[in-house]
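So you can see what is in the structure, the chains are spelled out below.
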Amino acid sequence: MITPGSKPFYRLTKPVIFLACLLPLVFLLLRAFEVAGYGLGANPVEELLHELGRWGLKFLLLGLTITPLRRWTGWNWLLRFRRMLGLFAFFYIVLHFLTYAILDQGLDIAAIIEDVIKRPYITLGMTGFLLLIPLAVTSTKGMMRRLGKRWQKLHRLVYVIAIVAVWHFYWQVKLDTLDATVYGLVLATLLATRVFHLRKSRGI
Amino acid sequence: MLIKRPSDILPSEITDESVYLKRRDLLKMAGIATAGALTSQSVFAAAPVPGASGKELTGIQKSPYSTDQEPNSWSDVTTYNNYYEFGTGKDDPYRNARDFNPRPWSVVVKGECDKPGNYDYEDLVSPHALEERIYRLRCVEAWSMVVPWVGIPLASIIKQFEPNSKAKYVRFKTLHDPKRMPGQQRRILGWPYEEGLTIEEAMHPLTLMAVGLYGRELPNQNGAPMRLVVPWKYGFKSIKAIAEISFTRKRPRSSWEQVIPAEYGFYANVNPEVDHPRWSQARERPIGAGVFAGKKATLMFNGYGEEVASLYAGLDLRKNY
């Protein structure tokens, strides 16, 4: 039997989880190329844009689930999957951004700049995307070592990014904010567990 | 000098008037049976419409108001809809309106008119000739389609009700029946959906009461059995499944205006210069053009300025959005 946390355990689970994280993209590609009767509907650009954004947000929230879940269950080995989830969040958000810039805006730089300045929900989205870049860049072991304590401080930015991401989603919706609200509630719960833990550990 | 050539038709060849008139009747009768099929077929004879369903309508006339732009596919027009009575997702109406039965249907007519009452669908539609109107449709969400509607100029229907001189506006209401329209079980908009036009807009020859699409009866997800089409305004003005028409002195407030007045106004004329507070209206994404087609410039009044701009002479369209 393979013990969780052992080397063979990671050798087995990491590729499986990696491939699982790619499944949303695979499914989107099947839809984009209309394989097996799948399709992206009448407005494929909008569908791609929204789906990639949602997956980016889902992976952000999954990444934020690791710590409370680890504390709750005592499964410390979970921590070793956090970076992968975070990087997949970055991956889907990069694709979300590229879909916006290339397919939606046709690489019209002036139009993109105007959008970022004039449309608050796009300002938010772009802010979240830009803030994610230093986190992705410093996600390697070498960077963790080099930055030491500052690494953790820097990576707390993910809380800001997640809030910005949900807000970006919420502001973009025309009227039916139910979906965005659900994402917001999940994020609020994840953040609340941290506040709860902090208070407990400080003995407040 | 111009010499008129005598007619080379012999008097014996000229059809006797009584025969001629009879033949007319015969043609007319045959016409009732087949002309409809012929006309509606002739409109799309070149290519039968893939995926089209629903009862074929007969006796459809072409209209000079139609655009010669290529219409969107049946599938685009019937699977990508904003119709919150059947859900807020774009394909929700396609999936959720399947079991909706739009018959029997009647429309309550009231307010400032001499012939108020409860009118059956047939009372409103049968007296008029059906026209095909291929119109551009521009949604407030910055996408657009070209749709081959079949309908009756709203003015013709309104004249039946004899509105009086106090009728300054026309207010429309959608059917309110949460059992048949499941989207109404969630209070997203105030139900029933309400829309309004000035009487001048309502009487404008471009304004259509649509009862069909692609030569067939209107699919449920497109607003069966009858919906408004006001092609120079954003799509949300074109209210679906109309169950009430009233003539009012005061300006009605449309459903979207009631919920978010800062974003949706009464006029809602397509205007590339006046942005929605959250997104630009300068460009639009043509549905069905493909992933790499990009966007195109939006036209003032959706390209119908020549016909309708005069309705708004002297009106500040930035304030009256």
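Novice: Tell me about the overall build of chain A, and please be specific about residues and values.
Specialist: When its secondary structure is counted, chain A shows nine helices and zero strands. Tracing chain A from N to C terminus, the helices and strands come up as α-α-α-α-α-α-α-α-α. Projected onto its principal axes, the C-alpha positions of chain A cover 50 × 45 × 35 Å. When each of the 204 residues of chain A is scored for burial, the buried share is 24%. Long-range contacts, defined here as pairs at least 24 residues apart, represent 60% of the contacts in chain A between residues at least 6 apart.

Novice: Which residues make up the pairing of strand β11 (residues 242-248) of chain B, and what values do they have?
Specialist: All names here are of chain B. Across four bridges, strand β2 (residues 106-111) lies against β11 in parallel orientation. Its bridge partner being in β11, G111 is matched across the sheet by F247. Note that strand β6 (residues 169-174) and β11 share six bridges and pair antiparallel. What sits directly across from F172, in β11, is I245.

Novice: Describe the interface of chain A and chain B, and please don't skip the residues or the numbers.
Specialist: Opposite the 13 residues of chain A that make contact, chain B presents 18 residues. Among the residues making up the side of chain A that touches chain B, the classes are represented as seven nonpolar, three polar and three charged.

Novice: Report on the confidence of the model for chain B, specifying residues and quantitative values.
Specialist: Residue and element names in this part refer to chain B. The predicted model of chain B has a mean per-residue pLDDT of 89, with 85% of residues at 70 or higher. Predicted confidence is poor over residues 26-42, with pLDDT under 50, and the contacts of this stretch with residues over four places away or in other chains come to 14 contacts. Model confidence for the complex: the whole-complex pTM is 0.87, and ipTM, which rates the interface, is 0.89.

Novice: Explain unusual backbone geometry residue by residue, including any values.
Specialist: Residues and elements named next belong to chain B. Note the cis peptide between R103 and P104, where omega equals -5°. Relative to the helices and strands, P104 resides in the loop between α3 (92-96) and β2. Of the consecutive residues A224 and P225, the connecting peptide bond is found in the cis state with omega at 0°. Topologically, P225 is positioned in the loop between β9 (216-217) and β10 (227-229). Located in the positive-phi region is A241, a residue other than glycine, with phi close to 40°. Inspection of the secondary structure assignment puts A241 in the loop between β10 and β11.

Cut-off values and rules
- Residues numbered from 1 in each chain as written.
- Chains lettered and ligands numbered in written order.
- Predicted model: local features only at pLDDT ≥ 70, side-chain atom pairs only at ≥ 80, totals over all residues.
- Helix = DSSP H or I, 4+ residues; strand = E, 2+ residues; numbered from the N terminus.
- Buried ≥ 20, exposed ≤ 12 C-beta atoms within 10 Å, placed from the backbone.
- Contact = placed C-beta atoms within 7 Å.
- Pairing = 2+ DSSP bridges.
- Nonpolar A, V, L, I, M, F, W, Y, C, P; charged D, E, K, R; others polar.
- pLDDT = per-residue confidence, 0-100.

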